[in-house]
Amino acid sequence: MADDSQPDGSTVQVLRDVANRLRIHSIRATCASSSGHPTSCCSAAEIMAVLFFHTMRYKRTDPEHPDNDRFILSKGHAAPILYAAWAELGTIGESDLLSLRKIHCDLEGHPTPRLSFVDVATGSLGQGLGAACGMAYTGKYFDKASYRVFCLMGDGESSEGSVWEALAFASHYSLDNLVAVFDVNRLGQSGVTPLEHCTDVYQNRCEAFGWNTYLVDGHDVGALCQAFWRAAQVKSKPTAIVAKTFKGRGIPNIENAEDWHGKPMPKERVDAIIKLIESQIQTDRNLMPKPPVEDSPPINVRNEKMTCLPDYVAGDRVATRKAYGLALAKLGHANDRVIVLAGDTKNSTFSEIFNEEHPERFIECFIAEQNMVSVALGCATRGRTIAFVSTFAAFLTRAFDQIRMGAISQTNINFIGSHCGVSAGEDGPSQMALEDLAMFRSIPNCTVFYPSDAVSTEYAVYMAANTKGMCFIRTSQPETAVIYTPQENFEIGQAKVIRQSVNDKVTVIGAGVTLHEALAAADSLSQQGISIRVIDPFTIKPLDAANIISNAKATGGQVITVEDHYREGGIGEAVCAAVSREPDILVHQLAVSEVPQCGKPTELLDKFGISARHIIAAVKNTLMN
């Protein structure tokens, strides 16, 4: 181990030379694309050289190997130096670096998993450390493996609250296989950072959060080698390395100067800058990474099957949020890679059932939803877990950016949002999700489930576990009747026509609690000689457009949608989009149209226009007109 802690003079010189070659690659690449962040790359050159060519253990020919050490470039705008490292390793051709940011090239302005050596997309700052926490948690508690996780962060992004959520999480769970590196180069995008070069303040703050912390000169490769070695010896604490660096290091008149963020070097100066840096390179040697310890267990996270049918009888009254908790615990018995993350809401979302039966796979993230989503992203990387994130649907809105970045990361995470709509009742509008369908419908490759009873909820949970991409399952607080038999067949994108006759005059589409209101309205209207068709969409995205259109045409082109959600972006707008090319279909939308208030669920459904009474009125009004 002495070789790792105190490299000899020859190794130190090679690492210095590698750092300078990384600088040159970054300057050339950004100059060729006429855009990018070479100064941000230059401050991190020695850190990257030491990590990739001395400290980290991995197979350079197999970047996705489960036993490799993990690296996250949280300061994603420094992507060119990450690409430069892999070019030095031979994974990327040096000529490819000159296609940086071009449309035909996978070397984008910020890293994405289109590249095999990138686990999560970064660039929206403040999120990398949370994902690193998820990887480290998985390595320590699920894989019980030797791989370590390294996260390189910018000092500017440390103003983000999500960074401090992640610092608290890592300390709480004693993630001693995690190292965060703060690249403290003093300068942000538009000016100096709040703390500038006060590295002792970073140290004090990290230590206050329970981290083992070292201050280093971020351009001293020997000091960096020793700091990373010391971090590996620490038990029960994560380590922060606070590295004082200079933005634009090695570039005359630009090093440590303001107003150079995100600007390539002037073309007329590039040759001279590169020649100067090349003059400092004394060797043409390179160092190859040490191989990893291969001790990760083989796993299977695909093709989960129901071991037995749902145990419900038609007419039972069960809240879909409880059915979710029961289904998840059942799924946990079928696969020991199913994990659940919660935000201190397990007793309300019923994820506590999973916690009771599988406590070793339940991650309490406390009231830190942004970090919870990032941790889930890290847990799901390289297919190591089947991750379910569970909280009130309203609280997921504060993590929209993390969810958006999850889509860019091509992740498979399942979100369960409970207490949707005004039917959440007496807790009032702050707890009522009325924007969540719009949010998740806007996410690429996201499947949106809206089950209406306990049976369909259980099927949704199993389908989500087997679906590529993100999934969102919307659950409700009130108890509602079971309407499907356990043998019912459910498919993504296939709606259910649950009430119909040849005399139907209007098609009513509802989901969750409003489907039950639609059925109650149908019963009342039937007694008045008016027959309506009732459809349960099951998934709002993808929506069963063909089924909706054919049933709408069968009922004279008259459609009413009713939803416990704001009008914008919900079921009604999804249906309107689906039938937009059908000139003879008219859609009347019933939705919550204003900020609601406290009250009993039944009172609120009626007050805000989505109860059976309002459906009946809308049907009669449609028929009169």
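About the thresholds
- Each chain carries its own residue numbering, running from 1 in the written order of its sequence.
- Where totals are concerned, whole chains, interfaces and linings use all residues; where local detail is concerned, this predicted model gives features only for residues with pLDDT of at least 70, and gives and counts side-chain atom pairs only at 80 or more.
- Heavy atoms from the whole structure form the basis of all side-chain values; hydrogens and water molecules are not counted.
- UniProt positions are given in the numbering used here, feature names are shortened, and annotations may be inferred rather than shown by experiment.
- The split into domains, and so the bounds of each, comes from an automatic or database assignment of domains.
- Here, residues are in contact when the closest pair of their heavy atoms is within 4.5 Å.
- When two components associate, each loses some accessible surface as probed by a 1.4 Å sphere; the sum of these losses over both components is called the buried area.
- Here, a salt bridge means any Lys or Arg side-chain nitrogen found within 4 Å of an Asp or Glu carboxyl oxygen.
- Comment: elements are numbered from the N terminus, with helices defined as DSSP H or I runs of at least four residues and strands as E runs of at least two.
- Side-chain atoms alone can form a polar contact between residues adjacent in sequence; in general such a contact is a pair of N or O atoms within 3.5 Å, and within protein one must be able to donate a hydrogen while the other accepts it.
- To sort residues, take the accessible area from a 1.4 Å probe on protein chains only and compare it with the maximum for the residue type: under 20% means buried, over 50% means exposed, and anything in between is partly exposed.

Looking at an unreviewed UniProt entry, the protein chain carries the name transketolase, with the source organism given as Enhydra lutris kenyoni. As its UniProt record puts it under Sequence similarities (unreviewed entry), the protein chain is described as follows: "Belongs to the transketolase family."

It is worth spelling out the domain arrangement of the protein chain at this point. Along its sequence, the protein chain is carved into domain 1 (9–279), domain 2 (316–482) and domain 3 (496–624). Placing a centre on the C-alpha atoms of domain 2 and another on those of domain 3 gives a separation of 25 Å. Residue-level contacts link 36 residues of domain 2 with 33 residues of domain 3. In total, domain 2 and domain 3 occlude about 2500 Å² of area from one another, counting both sides; carbon and sulfur atoms represent 64% of this. Linking domain 2 with domain 3 are one salt bridge, by the criterion used here.

Structurally, Asp504 can be placed in the loop between β14 (496–499) and β15 (506–510). Separated by 2.8 Å, the side chains of Asp504 and Arg533 make a polar contact. Discounting residues that sit within four places of it in the chain, Asp504 has contacts with Arg499, Ser531, Ile532, Arg533, Ala554 and Thr555.

Next up on the list: the pattern of salt bridges. All told, the structure shown has 26 salt bridges when counted by the stated rule. Lys496 serves as the salt-bridge partner of Glu488, at 2.8 Å between the closest nitrogen and oxygen. For Glu488, a relative accessible area of 25% gives the class partly exposed. Through salt bridges that share partners, Asp106, Glu108 and Arg114 make up one connected network.

Leaving glycine out, the prevailing phi sign among residues is negative, and the prevailing peptide bond configuration is trans. In the segment running from Lys541 into Pro542, the intervening peptide bond is cis, with an omega of 0°. Within the secondary structure, Pro542 sits in the loop between β17 (539–541) and α20 (545–554). One non-glycine residue, Phe350, adopts positive backbone phi at about 70°. Its place among the elements puts Phe350 in the loop between α12 (346–349) and α13 (352–357). Overall, the relative accessible area of 18% leaves Phe350 in the buried class. In this structure, His419 takes a positive phi of about 55° despite not being glycine. Of the residues examined, His419 reaches a relative accessible area of 3% and is grouped as buried.

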